[in-house]
Amino acid sequence: MAKEWQREFCTNLGSWQDAKRARTPGLDNVESAGQAVIAASTRLDREGLEEGGGHILDDTVNAVGGDIGAERRAVSYCDSAGFETLVGSVG
């Protein structure tokens, strides 16, 4: 079950990154995708599925809020979990 939750988080993180890059005026795709990835990170946090003593929920909330460093840490989490192909690099 843990791998499924990690995959869900990384899929949602990648979707949020895609929506953020393709930001279209008048659409709330970024906000909706941000809420989905935060919900997925909440489950990881609740289930203790953070790796390396990270704070995936905090990092995800901060990433959605615009913190590039937090986004890098969230992407790194997906890399460590084996789902690096589901997320984009952070520039």
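To be clear, the structure that these remarks concern was listed above.
Residues numbered from 1 in each chain as written. Predicted model: local features only at pLDDT ≥ 70, side-chain atom pairs only at ≥ 80, totals over all residues. Heavy atoms only, no water.

**Considering the nonpolar core**
Argument step 1. Counting residues in hydrophobic clusters, the biggest one holds 23 residues, and the most contacted among them are Phe9, Leu13, Trp16, Leu44, Tyr77 and Cys78.
Argument step 2. Broken down by secondary-structure element, the contributors of at least two residues to this core are helix H1 (2-21), helix H2 (29-46), helix H3 (56-64) and helix H4 (68-81).
Argument step 3. Once residues within four sequence positions are removed from consideration, leucine 44 is found in contact with Trp5, Gln6, Phe9, Leu49, Glu50, Ile56 and Tyr77. (Core = buried A, V, L, I, M, F, W, Y, C linked by side-chain atoms within 4.5 Å. Buried < 20%, exposed > 50% of the residue type's maximum accessible area, 1.4 Å probe, protein only. Helix = DSSP H or I, 4+ residues; strand = E, 2+ residues; numbered from the N terminus. Contact = heavy atoms within 4.5 Å.)

**Quick notes on the packing of H2 against H3**
Argument step 1. Interaxial distance between H2 and H3 falls to 8 Å at its minimum, and their mutual angle equals 170 degrees. In terms of their interaxial angle, H2 and H3 are classed as roughly antiparallel. Along the contact surface, H2 presents Gly34, Val37, Ile38, Ser41, Thr42, Leu44 and Asp45, while H3 presents Ile56, Leu57, Thr60, Val61 and Val64.
Argument step 2. Among the residues making up the contact of H2 with H3, the classes are represented as seven nonpolar, four polar and one charged. (Axes fitted to C-alpha atoms, helices over the stretch in contact; angles between N-to-C directions. Parallel < 35°, antiparallel > 145°, perpendicular 65-115°, else oblique. Nonpolar A, V, L, I, M, F, W, Y, C, P; charged D, E, K, R; others polar.)

**So, the state of the cysteines**
Argument step 1. The final tally for this structure, using the stated rule, is one disulfide.
Argument step 2. The partner cysteine of cysteine 10 in its disulfide is cysteine 78, sulfur to sulfur 2.1 Å. For the disulfide bridge between cysteine 10 and cysteine 78, the dihedral angle about the S-S bond is near -105 degrees, and by the sign convention the bridge is left-handed. Of this pair, cysteine 10 sits in helix H1 while cysteine 78 sits in helix H4; the two residues are 68 residues apart in sequence, bridging distant segments of the chain. (Disulfide = S-S within 2.5 Å.)

**Quick look at the packing of aromatic side chains**
Argument step 1. Evaluation of the coordinates by the stated rule reveals one aromatic pair.
Argument step 2. Centroid distance phenylalanine 9 to tyrosine 77: 5.8 Å. Interplanar angle 85 degrees. Geometry classified as edge-to-face. Of this pair, phenylalanine 9 sits in helix H1 while tyrosine 77 sits in helix H4; the two residues are 68 residues apart in sequence, bridging distant segments of the chain. Neither residue differs from the other here; phenylalanine 9 and tyrosine 77 are each classed as buried. (Phe/Tyr/Trp six-rings, centres within 6.5 Å; stacked < 30°, edge-to-face > 60°.)

**Structural notes on H4**
Argument step 1. The terminal C-alpha atoms of H4, which comprises 14 residues, lie 20 Å apart, in line with the 20 Å expected from a rise of 1.5 Å per residue.
Argument step 2. Listing the buried residues of H4 in full gives Ala70, Glu71, Ala74, Val75, Tyr77, Cys78 and Ala81. End-on view of H4: buried residues confined to an arc of 145 degrees, all on one side of the axis.
Argument step 3. Looking at the buried positions of H4, the neighbouring elements they touch are H1, H2 and H3.
Argument step 4. The opening residue of H4 is aspartate 67, an N-cap whose side-chain oxygen sits 2.9 Å from the backbone nitrogen of glycine 69. (Expected span 1.5 Å × (residues − 1). Arc of directions from axis to C-beta. Polar contact = N/O pair within 3.5 Å; in protein donor to acceptor, adjacent residues only side chain to side chain.)

Don't take any of this as a statement about function, it's just geometry.
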